[in-house]
Structure formats: structure tokens, C-alpha cells
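What follows is each chain in one-letter form.
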2 protein chains.
Amino acid sequence: MRIGAIEAGGTKIVCGIGNEQGIIEDRVSFPTEQPDKTIRKMVEYFQGKQVDAIGIGSFGPINIDRSSPEYGYVTTTPKPGWSNYPFLPTLQREFDIPFGWDTDVNAAAFGEATWGAARGLDSCLYYTIGTGIGVGVYAEGKLVHGLLHPEGGHILTRRHPDDSYEGFCPYHGDCLEGMAAGPAIERRWKAKGSELPQDHPAWAMEAFYIGQAVAGSILLLSPKKVILGGGVMHQSQLFPMIREEVRRNLNGYVSAEAILESAIDDYIVPPSLGDNAGLCGSLALGLKALQ
Amino acid sequence: MRIGAIEAGGTKIVCGIGNEQGIIEDRVSFPTEQPDKTIRKMVEYFQGKQVDAIGIGSFGPINIDRSSPEYGYVTTTPKPGWSNYPFLPTLQREFDIPFGWDTDVNAAAFGEATWGAARGLDSCLYYTIGTGIGVGVYAEGKLVHGLLHPEGGHILTRRHPDDSYEGFCPYHGDCLEGMAAGPAIERRWKAKGSELPQDHPAWAMEAFYIGQAVAGSILLLSPKKVILGGGVMHQSQLFPMIREEVRRNLNGYVSAEAILESAIDDYIVPPSLGDNAGLCGSLALGLKALQ
Ligand SMILES: Nc1ncnc2c1ncn2[C@@H]1O[C@H](COP(=O)(O)OP(=O)(O)O)[C@@H](O)[C@H]1O
Ligand SMILES: Nc1ncnc2c1ncn2[C@@H]1O[C@H](COP(=O)(O)OP(=O)(O)O)[C@@H](O)[C@H]1O
Ligand SMILES: [Zn+2]
Ligand SMILES: [Zn+2]
């Protein structure tokens with residue numbers, strides 16, 4: 001079987017083709033520009049490639065309500081041209097095959113649950129910590145949509161006592177994304193995260209915010225695995241620091257073996273599909289659309 | 001059909017019998033004492049009543065992992081005698097019928113989704129704000145269990161600027177439960193909540209904490225309905241105040257019609273089964289166990 005996959009990010013699009021084992025056989029990547037031009041490139045890529053289905057994990061917010069006339073639209077994004085744009089319907093007019101459609105973070109969660117760190121489990125949370133912060137929610141064997149879709153990057157956290165940075169979220173100022181996404185690190189410390197040394201105080205502060213958010217989501221959802229991806233998490237020294245913060249926040253309340261002692265090293269983890277998590281997730285969505 | 005229902009709270013047990021329309025036909029109530037004595041009373045109640053199934057919504061933490069040898073146990077409660085007690089297995093030895101088993105708050109969420117405020121919807125959150133704070137999670141048509149089960153009453157919230165109360169949670173001090181459950185109101189204001197006037201500043205502070213938690217859970221889970229029950233929510237003036245706090249916290253970020261303007265009055269609501277939410281929820285669990 002040949003399944004198409006589209007990982008649609010706010011800055012770049014990755015298109016690829018893979019199989020039912022989650023192996024990516026071919027891929028291309030191009031910048032996210034005006035929607036008509038960008039969609040044309042996707043169509044050109046898949047034309048003649050005879051894929052059986054295509055899965056799309058998209059930047060958002062997007063409409064994932066199948067009963068809505070705007071199902072498949074990008075909704076209120078500030079990205080030029082994309083606001084209220086019929087992303088999925090435009091592709092459906094070109095290819096008469098099943099399509100999978102979900103948020104980029106739900107796709108990544110689903111990819112990890114299908115072939116990655118949460119393989120065989122019926123629940124996981126996928127955080128991406130990059131230019132923004134997003135959370136994909138997979139629970140009881142299903143991707144969670146609800147009213148719109150999860151937007152867990154914007155929850156409020158308590159401020160670190162040594163932090164005077166005001167936060168950059170245009171809606172909430174100092175929400176999690178406003179305080180802990182890549183741009184917050186850069187503005188707070190006047191240097192890109194990738195340029196700060198591993199022992200810089202930025203990382204303890206980063207772990208403080210992410211650990212607090214992860215602890216809260218463990219309390220509310222009790223996921224079987226927590227996966228942390230995105231550009232900022234390339235700083236792998238963050239993992240032990242975040243695990244420690246989660247433990248400090250829970251303070252023994254959640255007495256699951258997975259969280260106690262060293263088992264937590266296998267509970268809060270990087271995506272095991274690495275930088276393929278997004279594209280493999282879209283592939284998994286495409287595969288599911290066939291069923 | 002005759003379905004048995006057990007609402008097992010930390011202070012009292014309600015047993016009842018109902019039908020597939022969610023109508024409770026008979027009920028009794030007795031205090032929660034030593035487990036052997038308490039279970040005996042349940043057995044006596046159901047003996048000879050010829051119920052086809054029994055659903056139980058229990059205080060916790062409890063084991064709801066069907067693959068565990070301790071499935072059906074109450075786990076780490078400080079309640080005398082109940083820690084590590086085989087609640088469900090003991091009843092199963094007496095009655096050879098299907099049993100439903102979940103947390104009290106998941107049961108209440110399921111009851112409201114079956115016959116109450118979230119009827120016909122595939123997701124809702126049920127908060128109980130009483131002696132403690134618990135959250136039941138129903139998403140994509142399923143009760144969420146995960147690793148253990150949701151414990152959303154213990155998330156951290158930001159402190160109200162005028163609040164110097166330290167919080168009573170033995171694990172976290174000033175977590176949501178520690179700051180906003182009934183005992184927090186009583187200790188902070190030196191009077192029972194039920195004795196404070198409707199315009200007392202206690203209620204603005206209460207709405208501040210609950211609104212913040214509800215906003216966070218809307219971001220993380222995007223539920224189609226949020227139901228607030230429990231003793232404290234008998235103060236019905238809290239509803240408009242909490243809705244306002246939720247809106248203030250989200251600050252326009254979640255652009256769902258349900259949350260905008262006056263529609264929110266129908267989004268954040270009391271249990272429409274009223275004080276029957278718990279027992280009806282257990283009934284719904286029993287009914288589901290038959291299927
Ligand atoms: N090695 C790194 N260390 C710290 N921060 C990084 C690193 N690599 C990228 N980032 C930050 O992550 C953000 C980009 O995240 P990324 O997940 O790559 O893309 P996006 O979120 O735009 O899809 C930027 O703010 C960047 O500064
Ligand atoms: N009318 C009321 N106004 C404010 N608080 C109340 C009211 N009724 C009960 N409470 C508080 O709610 C708590 C009991 O909650 P309830 O849901 O009735 O029981 P439980 O949580 O023990 O199952 C107590 O702390 C009590 O002070
Ligand atoms: Zn925000
Ligand atoms: Zn607590």
C-alpha cells in the first residue's frame with residue numbers, strides 16, 4: 001500500500017509517501033506560502049504517485065468537526081491568506097481517495113501511538129515546544145477533538161519566582177506558550193535557545209514551566225505516556241529536569257508505578273520517531289482513513 | 001429491566017434501583033463505615049431484588065484497570081479499613097451478574113451524558129466541588145481512565161491577589177482542592193460556605209479559582225459541556241461568576257460559539273440530574289455493563 005502524508009506547519013510543508021509499517025519512502029519539503037500556491041505544490045507532488053489515501057496533520061486552528069460545512073478548513077489563523085481557507089476540500093477536489101485530517105499535534109500523538117514511543121498504548125499526550133506550544137491528546141484509543149480541538153499550549157502556569165519576563169502570547173501574555181515557547185526563551189535571555197549553554201539558568205526555568213504544565217495534564221488526563229517534541233526539546237538536558245519538576249509538582253499524589261522512581265525516565269520521553277513524528281503521524285491518519 | 005446502582009461516597013453510600021430510562025425507582029442511604037459492614041448492607045439491599053446488573057461509582061483512588069489483578073479495589077485512601085480493599089470483587093462473589101465500575105466523578109459525567117445536561121454529546125467534563133474536588137472526563141464517547149484515573153482536582157492554579165490562605169491539601173497545600181473545596185472556604189472565612197451571604201467576597205474568590213481551572217481544562221480537552229456539581233455549587237450565584245472568569249481567562253482565544261456571549265450560559269451548567277447525578281451515573285454504568 002502507498003499512503004500519502006502531509007505535515008503542514010506554519011513555516012514549512014513536508015509531503016511524503018510511506019507504507020503501513022510507518023516507513024517513509026519519499027519526501028519533499030517547501031515553505032508555507034499563499035495557500036493556492038502551496039496547495040498547488042502538494043497536488044503536483046502527489047499527482048501520478050498513485051497513493052491509496054492521504055493523511056494531513058495541519059497547523060491550526062482548524063475545523064475537524066465532520067458535521068460542519070467548514071470541515072477541513074483552516075479557521076482563524078493570522079497567516080496571510082489561510083484564514084477561513086478550505087485546505088482539505090481543495091485537495092479533495094483533486095484526488096478522489098480517502099483523506100485523514102487532524103491537527104499537527106494530534107497527528108504526532110497518533111504517529112507515536114501507532115509506531116513510536118506510545119506504541120501499543122491506548123493513550124498518550126504529545127507536546128510540541130517550538131515556535132508555539134501545542135498538545136495532541138490521544139485517550140482511550142481515540143484522538144480527542146471535542147468542541148474545537150485541544151489548545152493545551154495556552155494554559156496558565158504559576159510564574160517562576162526569579163522570572164520577570166512578561167510573556168509574548170498576544171491573547172494571554174504569560175500563558176505557557178507565552179513563557180516557554182522558543183521565542184520566550186530568546187526574548188527573555190536575549191539569545192536563541194540553540195546558542196545558550198547546557199548549564200544556563202534558562203533551562204531550569206524552562207523545565208519549571210513545562211514540568212508544571214505536564215504535571216497538570218497528568219492529573220487531568222492520566223495519560224500512559226507523555227511525549228515532548230519540537231525544536232526546544234532538542235536540548236536533551238531538559239528531560240531529567242522536567243521529570244524532576246513533574247515529580248515535585250505531583251508530590252507523591254499520583255501513585256502510579258510509571259511515575260515513581262526511575263520508571264519516569266520511560267514515561268516522559270522524546271518522540272521515538274524523532275523528527276519524523278509529524279510526517280509519520282500524518283501517514284497514520286491516512287492509513288486510518290482507509291479503514 | 002431492573003438495574004442496581006451504588007453511589008459510594010467517602011461519607012455515605014446510596015444504593016438504588018432504576019430502569020433504562022434513568023428513572024430511580026427505589027433507594028436507600030447509609031453511612032460509609034468499615035468496609036465489611038458497609039458491603040454487607042449493600043448485599044442485603046440488593047438480595048432478592050433481582051437486578052440484571054449493578055453499576056458502582058466509587059470514591060477513590062480506585063483501580064479501574066481491567067487487566068490488573070487488583071481491578072475493582074479501592075487503593076490508597078486514608079479511610080479506615082478501605083485502603084487496598086477489594087470492593088468490587090467482594091460484591092461479585094455475592095451476585096453473578098455484570099458489574100459496571102468507575103470513579104464517582106466519571107459515573108456522574110456518564111450519567112449526565114446519558115440522561116442529563118450532556119445528553120447526546122460525545123464529551124463533557126464533570127466537576128464536583130464539595131469536601132474535595134474531583135473531575136470526571138468523558139471524551140469521544142468514552143470515559144477516560146488512562147494510567148490510573150483523572151485527578152483533576154489537584155492541579156495548581158494561580159493565587160488570587162487578595163488571598164493569604166495557605167490551602168489544606170496534604171499533598172500540595174494550595175492546589176485547586178486545597179484552595180477551593182468546601183473546607184478551604186470554611187477555614188479561610190471561619191464560617192461554613194452555606195452560612196456566608198450570597199454577596200460575600202468568598203464567592204468572587206471561589207469563582208476565580210474554579211474559573212481558572214475550568215478554563216485550563218477547556219484548553220486541554222475542548223469538552224462539549226462543562227458540568228459543575230457538589231455541595232459548594234449549591235451557591236447558584238457562582239455560575240455567572242465562573243462563566244465570566246472562564247471568559248476572562250480564555251480572552252477570546254477559543255472561538256467556539258458555545259463559549260461566546262450568552263451561549264456560555266448553556267455551556268457551563270449545573271448537573272441537570274441534580275442530586276441524582278451520582279446515582280443515575282452508577283445506573284448508566286450498570287446498564288452499559290449489560291451491553
Ligand atoms: N537546539 C535548540 N535548542 C533550543 N531551542 C531550539 C533549538 N532548535 C530550535 N529551537 C527553537 O525552537 C523553535 C522552532 O521550533 P520547531 O519545532 O523547530 O518549529 P515550529 O514550532 O515552527 O514548527 C524556535 O523558537 C527555535 O529557537
Ligand atoms: N449550600 C452550600 N453552600 C456552600 N457550601 C456548601 C453548601 N452545601 C454544602 N457545602 C459544602 O460542600 C461540602 C460537602 O460537599 P458535598 O458535595 O455535599 O459532599 P461530598 O463532597 O462529601 O460528597 C462541605 O464542605 C460543605 O461545607
Ligand atoms: Zn496564550
Ligand atoms: Zn492537592
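Reading guide: rules and limits
- Residues numbered from 1 in each chain as written.
- Chains lettered and ligands numbered in written order.
- Predicted model: local features only at pLDDT ≥ 70, side-chain atom pairs only at ≥ 80, totals over all residues.
- Heavy atoms only, no water.
- Helix = DSSP H or I, 4+ residues; strand = E, 2+ residues; numbered from the N terminus.
- Axes fitted to C-alpha atoms, helices over the stretch in contact; angles between N-to-C directions.
- Parallel < 35°, antiparallel > 145°, perpendicular 65-115°, else oblique.
- Left-handed = near helix turned anticlockwise from the far one by under 90°.
- Contact = heavy atoms within 4.5 Å.
- Near = heavy atom within 4 Å.
- Polar contact = N/O pair within 3.5 Å; in protein donor to acceptor, adjacent residues only side chain to side chain.
- Areas by Shrake-Rupley, 256 points an atom, 1.4 Å probe, with all protein chains shown as cover.
- Buried area = accessible area lost by both parts, 1.4 Å probe.
- Salt bridge = Lys/Arg side-chain N within 4 Å of Asp/Glu carboxyl O.
- Nonpolar A, V, L, I, M, F, W, Y, C, P; charged D, E, K, R; others polar.
- Pairing = 2+ DSSP bridges.
- Buried < 20%, exposed > 50% of the residue type's maximum accessible area, 1.4 Å probe, protein only.
- Donors = N, O, S within 2.8 Å, 3.2 Å for Na, K, Ca; no water.
- Tetrahedral: all angles 85-135°; square planar, octahedral: opposite > 155°, others 65-115°.
- Least-squares fit on C-alpha atoms with pLDDT ≥ 70 in both.
- Patch = residues over 30% accessible without salt bridge, like charges linked within 9 Å, V, L, I, M, F, W, Y side chains within 5 Å.
- Lys, Arg positive; Asp, Glu negative; His and termini not counted.
- Charge placed at Lys NZ, Arg CZ, Asp CG, Glu CD.

1. Overview of unusual backbone geometry
When glycine is set aside, most residues are seen to have a negative phi, and most peptide bonds are trans. Residue and element names in this part refer to chain A. Looking along the chain, the bond that leaves Gly60 and enters Pro61 is cis, with omega of 0°. Mapped onto the fold, Pro61 is located in the loop between strand E4 (53-58) and helix H2 (87-94). Positive phi outside glycine occurs at Asn84, with the angle close to 60°. As for its placement among the helices and strands, Asn84 is situated in the loop between E4 and H2. Even without being glycine, Glu140 reaches a positive phi, approximately 50°.

2. A few points about the packing of helix H6 (residues 201-221) of chain B against helix H7 (residues 238-250) of chain B
The relative placement of two packed helices is expressed as an angle between their axes plus a distance between the axes. Residues and elements named next belong to chain B. Between H6 and H7, the shortest axis-to-axis distance is 7 Å and the interhelical angle comes to 50°. When the axis of H6 is compared with that of H7, the two are oblique. When you trace H6 past H7, the crossing you get is right-handed. In this structure, H6 contributes Trp203, Ala204, Glu206, Ala207, Phe208, Ile210, Gly211, Gln212, Val214, Ala215, Ile218 and Leu219 to the contact, and H7 contributes Leu238, Met241, Ile242, Glu245, Val246, Arg248, Asn249 and Leu250.

3. Re the site of ligand 2
Residue and element names in this part refer to chain B. Lining the immediate environment of ligand 2, one finds Gly130, Thr131, Gly182, Pro183, Gly193, Ser194, Gly230, Gly231, Val232, His234 and Gln235. For ligand 2, a nitrogen atom lies 2.8 Å from a polar atom in the side chain of Gln235. Considered on its own, ligand 2 offers 570 Å² of accessible surface; in the complex 65% of this is hidden by protein.

4. Here we look at the interface of chain B and chain A
Many authors give the size of an interface as the accessible area that is lost as the parts come together. Listed as interface residues are 45 residues of chain B and, on the opposing side, 45 residues of chain A. It is Arg158, Leu220 and Tyr253 of chain B in chain B that bury the most area against chain A; as a group they hold 20% of the surface buried on that side. Where chain B touches chain A, the interface holds two salt bridges. Here Arg158 of chain B ties to Asp174 of chain A by a salt bridge, and the two come within 3.2 Å at their closest N and O atoms. Linking chain B with chain A are 26 residue pairs in polar contact (both at pLDDT 80 or more), by the criterion used here. Each residue belonging to the side of chain B that touches chain A can be placed in one class, and the counts come to 22 nonpolar, 17 polar and six charged.

5. What about the sheet that holds strand E8 (residues 142-143) of chain A?
Residue and element names in this part refer to chain A. Read from one edge of the open sheet, five strands run E8-E7-E6-E9-E10, paired in mixed fashion. Two strands in the sheet have a free side with no partner beyond their single neighbour: E8 and strand E10 (268-269). Where strand E6 (residues 124-129) lies against strand E7 (residues 133-139), six bridges are found, and the strand directions are antiparallel. Among the inter-strand pairings, Leu125 is bridged to a residue of E7, identified as Val137. Across the sheet, helix H6 (residues 201-221) touches E6, E7, strand E9 (226-229) and E10, and the angle it forms with E6 is around 155°.

6. Here we look at the pairing of strand E1 (residues 3-8) of chain B
On a regular strand, each side chain points to the face opposite its neighbour's, so the side chains alternate between the two faces of the sheet. Residue and element names in this part refer to chain B. A large share of E1 lies buried, amounting to five of its six residues. Both E1 and strand E2 (residues 12-18) contribute to a ladder of six bridges, which runs antiparallel. Opposite Ala5, over in E2, you have Gly16 as the bridge partner. In this structure, E1 lies alongside strand E4 (residues 53-58), joined through six bridges in parallel fashion. Paired with Ile3 across the strands is Ala53, a residue of E4.

7. Quick notes on the site of ligand 1
All names here are of chain A. For ligand 1, the full set of nearby residues is Gly130, Thr131, Gly182, Pro183, Gly193, Ser194, Gly230, Gly231, Val232, His234 and Gln235. One of the side-chain nitrogen or oxygen atoms of Thr131 is found 2.6 Å away from an oxygen atom of ligand 1. At a separation of 2.8 Å, a nitrogen atom of ligand 1 approaches a polar side-chain atom of Gln235. Each residue belonging to the shell around ligand 1 can be placed in one class, and the counts come to two nonpolar, nine polar and no charged.

8. A word on the coordination of the zinc ion (ligand 3)
All names here are of chain A. Of the protein atoms, only His154 (ND1), Cys169 (SG), His172 (ND1) and Cys175 (SG) coordinate the zinc ion (ligand 3), at distances of 2.1 to 2.4 Å. One can describe the donor arrangement at the zinc ion (ligand 3) as tetrahedral, given that its four donor atoms subtend angles of 102 to 119° at the metal. Mapping the donors of the zinc ion (ligand 3) onto the primary sequence yields the spacing H-x14-C-x2-H-x2-C. Taken together, the positions of His154 in the loop between E8 and helix H4 (176-180) and His172 in the loop between E8 and H4 put the pair 18 residues apart, joining distant regions of the chain. For the residue pair His154 and His172, the accessibility class agrees, reading buried in each case.

9. Details of the side chain of Lys225 of chain B
Residue and element names in this part refer to chain B. Following the sequence through the fold, Lys225 ends up in the loop between H6 and strand E9 (226-229). We classify Lys225 as buried; its relative accessible area is 10%. In contact with Lys225, other than residues within four places in its own chain, are Ala117, Ala118, Leu121, Ser123, Cys124, Leu125, Asp266, Tyr267 and Val269.

10. Observations concerning the relation of the copies chain B and chain A
By a simple turn and slide, chain B fits onto chain A: the slide is 0.0 Å along the axis, the RMSD is 0.0 Å, and the turn is 180°. Both copies are brought into coincidence by an operation consistent with a two-fold rotation axis. Residue Arg158 of chain B of chain B places its C-alpha closer to the rotation axis than any other residue of that unit, at 2.8 Å. Interface residue correspondence from chain B to chain A reaches 100%, placing this contact among same-surface, isologous pairings.

11. Concerning the coordination of the zinc ion (ligand 4)
All names here are of chain B. With distances of 2.0 to 2.4 Å, the protein atoms coordinating the zinc ion (ligand 4) are His154 (ND1), Cys169 (SG), His172 (ND1) and Cys175 (SG). If you look at the zinc ion (ligand 4), its four donor atoms make angles of 101 to 119° with each other, and the shape they trace is tetrahedral. The sequence pattern describing where the donors of the zinc ion (ligand 4) fall on their chain is H-x14-C-x2-H-x2-C. Both residues of the pair, Cys169 and Cys175, belong to the buried class.

12. Brief notes about the environment of Ser217 of chain B
Mapped onto the secondary structure, Ser217 of chain B falls in helix H6. Discounting chain neighbours no more than four positions away, the residues touching Ser217 of chain B are Leu220 of chain A together with Leu125, Tyr127, Ser222 and Pro223 of chain B. From its side chain, Ser217 of chain B meets the backbone oxygen of Val214 of chain B in a polar contact 3.0 Å long.

13. Side note on the sheet that holds E4 of chain A
Residue and element names in this part refer to chain A. Taking strand neighbours across the sheet as the criterion, the five strands line up as E3-E2-E1-E4-E5 in an open arrangement whose pairing is mixed. In this open sheet, the two strands that pair with only one neighbour each are strand E3 (24-31) and strand E5 (99-103). The average angle at which neighbouring strand axes cross in this sheet is 15°, direction not considered. H2 contacts strand E1 (3-8), E4 and E5 of the sheet and is inclined by roughly 165° relative to E5. Along the sheet, helix H8 (residues 277-290) contacts E1, strand E2 (12-18), E3, E4 and E5; its crossing angle with E1, the most-contacted strand, is approximately 135°.

14. Here we look at a positive patch on the surface
A grouping of Arg66, Lys142 and Lys288 of chain A together with Arg66, Lys142 and Lys288 of chain B is seen on the molecular surface, where their side chains present a positively charged patch. With respect to the element layout, Lys288 of chain B can be found in helix H8 (residues 277-290).

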